[in-house]
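The chain contents come next:
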Amino acid sequence: MSTADRLVTLERHIIEGERNHPGATGEFSSLLHGLSLAAKLIWREVTKAGLVNILGKTDRMNISGDVVKKLDVFADETIYRAMDHLGHLCVMASEENEDLLHIPSHYPNGKYVLLYDPLDGSSNIDANATIGTIFSVYRRVSQEGPGTMADILQSGNQQVAAGYVLFGSSMMFVYTTGHGVHGFTLDPSVGEFLLSHENIRIPPKGTIYSVNEGNTNRWSAGMQRYVRWLKEEDAATGRPYSSRYIGSMVADVHRTMLYGGIYCYPGDTKNPRGKLRLMYENNPLAYVIEEAGGACSTGETRMLDLVPKSLHERYPMFIGSVEDVRIATEFVTGKRT
Ligand code: AHG
Ligand code: MN
Ligand code: MN
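Figured I'd write up the structure that's included with this text. Because the structure is a prediction, the values reported are computed rather than measured.

1. Thoughts on the overall build of the protein
Piece 1. Along the protein, the regular secondary structure elements total 9 helices and 13 strands.
Piece 2. Its C-alpha atoms give the protein a radius of gyration of 20 Å, within 12% of the compact-globule value 20 Å for 337 residues.
Piece 3. Principal-axis analysis of the C-alpha atoms places the extent of the protein at approximately 60 × 55 × 45 Å.
Piece 4. Put simply, of all contacts in the protein between residues at least 6 apart along the chain, 63% involve residues at least 24 apart.
Piece 5. Carbon and sulfur atoms make up 49% of the accessible area of the protein, which totals about 15200 Å².
Piece 6. Taking the 33 positively charged and 39 negatively charged side chains of the protein as two groups, their mean positions are separated by 4 Å.

2. Observations concerning the sheet that holds strand S11 (residues 262–265)
Piece 1. Reading across the sheet, the 5 strands line up as S10-S9-S11-S13-S12 and stay open at both edges, with mixed pairing between neighbours. On the outer flanks of this sheet lie strand S10 (242–243) and strand S12 (295–297), each paired with one strand and no other.
Piece 2. Direction of pairing for S12 relative to strand S13 (residues 317–320): antiparallel, over a ladder of 3 bridges. If you follow Ser297 over to S13, its bridge partner there is Phe318.
Piece 3. Strands in contact with helix H8 (residues 278–291) are S12 and S13; relative to S13, the strand with the most contacts, it is inclined by about 25°.

3. Side note on unusual backbone geometry
Piece 1. Looking along the chain, the bond that leaves Arg239 and enters Pro240 is cis, with omega of 5°.
Piece 2. Secondary-structure assignment places Pro240 in the loop between helix H6 (221–231) and S10.
Piece 3. A positive phi angle, close to 45°, is found at Asn199, a residue other than glycine.
Piece 4. Tracing the backbone shows Asn199 in the loop between strand S8 (192–197) and strand S9 (208–210).

4. Structural notes on the coordination of the manganese ion (ligand 2)
Piece 1. Only Asp117 (OD), Asp120 (OD) and Glu281 (OE) from the protein reach the manganese ion (ligand 2) as donors, at distances of 1.8 to 2.2 Å.
Piece 2. For the manganese ion (ligand 2), the single-chain donor residues occur in sequence as D-x2-D-x160-E.
Piece 3. Between the manganese ion (ligand 2) and the manganese ion (ligand 3) the interatomic distance comes to 3.6 Å, and Asp117 is a ligand of both metals. Of this pair, Asp117 sits in strand S3 (residues 112–120) while Glu281 sits in helix H8; the two residues are 164 residues apart in sequence, bridging distant segments of the chain. Comparing Asp117 with Glu281 shows no difference in burial state: the two are buried.

5. Observations concerning the coordination of the manganese ion (ligand 3)
Piece 1. For the manganese ion (ligand 3), the full set of protein donor atoms is Glu95 (OE), Asp117 (OD) and Leu119 (O), at a range of 2.3 to 2.5 Å.
Piece 2. Motif for the manganese ion (ligand 3), donor spacing along one chain: E-x21-D-x1-L.

Thresholds applied
- Residues numbered from 1 in each chain as written.
- Chains lettered and ligands numbered in written order.
- Predicted model: local features only at pLDDT ≥ 70, side-chain atom pairs only at ≥ 80, totals over all residues.
- Heavy atoms only, no water.
- Helix = DSSP H or I, 4+ residues; strand = E, 2+ residues; numbered from the N terminus.
- Rg over C-alpha atoms; globule rule 2.2 N^0.38 Å.
- Contact = heavy atoms within 4.5 Å.
- Areas by Shrake-Rupley, 256 points an atom, 1.4 Å probe, with all protein chains shown as cover.
- Lys, Arg positive; Asp, Glu negative; His and termini not counted.
- Charge placed at Lys NZ, Arg CZ, Asp CG, Glu CD.
- Pairing = 2+ DSSP bridges.
- Axes fitted to C-alpha atoms, helices over the stretch in contact; angles between N-to-C directions.
- Donors = N, O, S within 2.8 Å, 3.2 Å for Na, K, Ca; no water.
- Buried < 20%, exposed > 50% of the residue type's maximum accessible area, 1.4 Å probe, protein only.

Spelled out as structure tokens, the structure:
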């Protein structure tokens, strides 16, 4: 039966996935359900973003000032509130908060840990371009009680689930629990996420690259040579590649996963470790892309093998089709000139 013949909600998909794991308690379903509820609440606000000035003038909405910042904060608090009481988490961490987010003492602590970027690409909000929420789930390593920094600072290869929500022309929920990558599109008329992209596979090589080329003069010589190479004429390798850059890495990586190619945020003279945050951006998307058959590297090492040292550290990122990531790393490490 094809996807079109089967009505598979996100909830059904998670429950059916859990049935394949003897001993599963259903906690995971509940956790992902909490995230999907937060996503819908954020979407409700995101769709109003362009109306704020109009409605604000008539005082019908109690919103004023910096809309972008408001939505960031709103998304941050909404996820925390949707997840703090379920009893599945022992600690959370968000890109918007310097320190760990503990579970309120009147709620039980659970065995999982949640990290999230509440709103990625927030500079795009005013232009009505795609933005998203990124999440990453680990099993705790401490025994009991409130979670600790050790629970948070785990290598990406320890993730038990990761994914993202895209607020684009439609809203999508994309996730993996280590059994492929699955995408769901919200049917707004019933408020349910329906399976629309089953078992997404990234092509082994693409013909699109995605990078902020305004930074060219700050890049290493190897990075500059790589992008020059992408633009050379060579039909056999699909060059010149096309250039696409939204400026929301979650949306740029999503497109890269569907069409193939590469997304890069390299280090440069101003930001030697690039801009993206390992725990909230690089690792969850690295897990998703590897599950879809792709690769993610710092340029030197597999992203998921890094051992994080602090909550908000940054790493250069090369993510996408296996072949494209391989070629990029050859250029940036100087193996290819
Ligand atoms: P955030 O909105 O969560 O702060 O992240 C923005 C990130 C990422 O989404 C995007 O790809 C990148 O910043 C864009 O950076 P440049 O403007 O330097 O290209
Ligand atoms: Mn971000
Ligand atoms: Mn953000």
